[in-house]
Amino acid sequence: MSKKIDERLPRELGEGVLPLHAAIKSPWEKLVSYHDAAHYVQRYQSVVSAALMQAYRILVPDYIDRSKAICKNAYNRLAFINRIPGVAAYQTTENNTHPFCAGNFPGAMIGDAGDECLMMCGRVNDFGSYRAEKELDVCYWDIVGTELCRSTTQSLQACADVQAELRRKGPHLEYHMVEARGCGDRHCRIVAESREKYPMPEHEQWECFGPVATEDQIKYTKEEDTLTESMIFREECGYRFTNGTNWERNPKDSVYPLVSTSNGACYILPTLDDLVREGILDGDEVTRVIKCVCEAAGKAAFGEFFAIEGVRDWMGVPRSIDDGRVAGGYIEMYLQCAKISYEIEAFNKDEVVYVIDRTELSNRLNRMVDAYIAYWYGITKTLVSTQWALWEEPGDCKEDKVRIKIAKKIDKFC
């Protein structure tokens, strides 16, 4: 162990002595289970995404303009991805889509599987050639904003439309978000309908929130019958995801990698890139606003003293430690839960230094690294104290790495 890194028990210590458990470990020997890690990373990314949505709202004040832009990006981006050779065909095989399926209604199977991977548990109430209905009881993205709710409907529409290109001509379903937890509804509900069979007035792309023609067919689940866990975490399902065409996904790949790579930021940041390319927004201003909002969000995360006590207990931080290691340990927990590669260069009472894989941290999103650094800087100020700061320290770090340092720092202009 380096002299710069406090002594830690090796992960392999005691291997084979006690039962093994899928878990991540804090620097102070606290374990977080696979189940809790998956839930944690989804919520964590939704919190950061909610901050990014607020930045988007500052940059584009009009709700309709924001919704139009994010829905346009969501449809075009997912259509482009799904038209990459082999992607749509893989989804056809993955979802066990039968050869006789026609039109774009099999897109509902993609949505169903994606929901389960993201632990947005619920049920398929209808699945046919002219109508499909999915009801969600849980959605970790519900705190981000209704603009995101609209755009996810359009990303699903894109997946469905590209699926239709692989099969014989059939009914074309229009996907609508009839209810959304982000709007305050008890459920999220997608209803897809054939406009040929169920006519409705035309509408703009961003207006993909109901009403729907088949409102009388909607099936509502009583609150006492709702779910709190996806199939992978339910004994009645054998801890496996199974869809309506009997395709199964085992527990090992039912949640990861999607739970750590798909989040609200994946919709917001690409939309901001579009607006910068179109000359509607200034790139430097976008970066500045993201930094300001994420830094404030980080400070707010542990502004209350009970929040500090809660996370210290969660990580098992000894009372004797009250320095940058607390913020470092917190960041390390997220990196592990998100399966982001990192190395520890220093972890002691004077400084904490991590070297993180840039591509994995950014999730291939422009400005995502800047958002995390600003958020973690803010967190350091309240989780530890204002004597401490976090910043990116280039040094001799390679381009594909991010070196962050936590240490005491006096800055008269912060």
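Throughout what follows, the structure given in this document is the object of discussion. All of these numbers come straight from a predicted model, not from anything done at the bench. Sequence order sets the numbering: in each chain, residues are counted from 1 along the sequence as written. Restriction of local features to residues with pLDDT of at least 70 applies here, the model being predicted, together with a cutoff of 80 or more for giving and counting side-chain atom pairs; totals for whole chains, interfaces and linings are based on all residues. Only heavy atoms go into the side-chain values, all of them from the structure, while hydrogens and water stay out.

To continue, consider the packing of helix α1 (residues 34-59) against helix α10 (residues 324-337). Orientation of α1 relative to α10, taken along the N-to-C sense of each, is 110°, at an axis distance of 9 Å. Overall, the two elements α1 and α10 adopt an arrangement that is roughly perpendicular. Contacts between α1 and α10 involve A37, Y40, V41, Y44 and Q45 from the first element and Y330, M333, Y334 and C337 from the second. Only Asp, Glu, Lys and Arg are considered charged in this grouping, and only Ala, Val, Leu, Ile, Met, Phe, Trp, Tyr, Cys and Pro are considered nonpolar; every other residue, Gly among them, is considered polar. Split into classes, the residues belonging to the contact of α1 with α10 amount to 8 nonpolar, 1 polar and no charged. Axis lines are fitted through C-alpha atoms, for helices just across the contact stretch, and the angle between N-to-C directions can take any value from 0 to 180 degrees. The numbering of helices and of strands both runs from the N terminus, where a helix is a DSSP run of H or I of at least 4 residues and a strand a run of E of at least 2. Throughout, the term roughly parallel applies to angles under 35 degrees, roughly antiparallel to angles over 145, roughly perpendicular to angles from 65 to 115, and oblique to all others. The criterion used for residue contact is that any of the two residues' heavy atoms lie within 4.5 Å.

If you trace the 4 strands from one edge of the open sheet to the other, you get β9-β10-β12-β11, paired in antiparallel fashion. Sheet topology places β9 (342-347) and β11 (388-392) at the edges, where each strand pairs with a single neighbour. Averaged over neighbouring strand pairs, the angle between their axes works out to 15° when direction is ignored. Strand direction decides the pairing type here: β9 and strand β10 (residues 351-357), joined by 5 bridges, are antiparallel. In the strand pairing of β10, Y342 is matched with I356. On the sheet, α10 packs against β9, β10, β11 and β12 (401-408) and is oriented at approximately 170° with respect to β9. Along the sheet, helix α12 (residues 368-383) contacts β10, β11 and β12; its crossing angle with β11, the most-contacted strand, is approximately 170°. Any two strands with at least two DSSP bridges between them are considered paired.

Here we take up the packing of α1 against helix α2 (residues 63-82). Where α1 meets α2, the closest approach of the two axes is 9 Å, and the angle between their N-to-C directions is 120°. When the axes of α1 and α2 are compared, the pair comes out oblique. Between α1 and α2 lies a crossing whose hand is right-handed. Touching M53, Y56 and R57 of α1 are D65, R66, A69 and I70, all from α2. Considering only residue class, the contact of α1 with α2 consists of 4 nonpolar, no polar and 3 charged. Crossings are sorted by hand: turned counterclockwise from the far helix by less than a right angle, the near helix makes the crossing left-handed, and turned clockwise it makes it right-handed.

It is worth spelling out the pattern of salt bridges at this point. Two side chains of opposite charge can pair, provided their charged atoms sit close to one another. Salt bridges, as used here, are contacts in which a Lys or Arg side-chain nitrogen is within 4 Å of a carboxyl oxygen on Asp or Glu. Counted by the stated rule, this structure contains 37 salt bridges. Among the ionic pairs, R325 bridges to D6, the shortest N-O distance being 2.5 Å. Residue R325 is located in helix α10, and its partner D6 is located in the segment before β1 (23-25); the two are separated by 319 residues in the primary sequence. Residue classification places R325 among the buried positions, given a relative accessible area of 10%. Per-residue accessibility, obtained with a 1.4 Å probe over protein chains only, is compared with the maximum for each type, and a residue is labelled buried under 20%, exposed over 50%, and partly exposed between these values.

With that out of the way, let us pick up a nonpolar patch on the surface. Residues F80, I81 and I84 make up a contiguous nonpolar surface patch of about 290 Å² in total accessible area. For I84, the position within the fold is in the loop between α2 and α3 (87-94). Two joining distances apply to patches: 9 Å for like charges and 5 Å for nonpolar side chains (Val, Leu, Ile, Met, Phe, Trp, Tyr), and every residue must have over 30% relative accessible area and no salt bridge. Exposure was quantified through the Shrake-Rupley algorithm and a 1.4 Å probe, taking into account, for residues, occlusion by the shown protein chains and nothing else.

Below, the discussion takes up empty space enclosed by the protein. Using protein atoms alone on a 1 Å grid, points that fit a 1.4 Å probe yet trap it form a cavity, whereas open point sets bounded by protein on both sides within 12 Å along at least five of seven lines form a pocket; residues with an atom within 4 Å of a point count as lining. Grid points are joined across faces, edges and corners, and a volume is the space filled by probe spheres set on the points. Scanning all chains against the criterion turns up 1 cavity of 30 Å³ or more. Taken as a whole, the largest cavity holds about 70 Å³ of empty space. What lines the largest cavity is a set of 14 residues, and nearest its centre among them are Q45, N263, Y334, N363 and Y372. For the lining of the largest cavity, the secondary structure elements donating two or more residues are α1, α11 (358-362) and α12.

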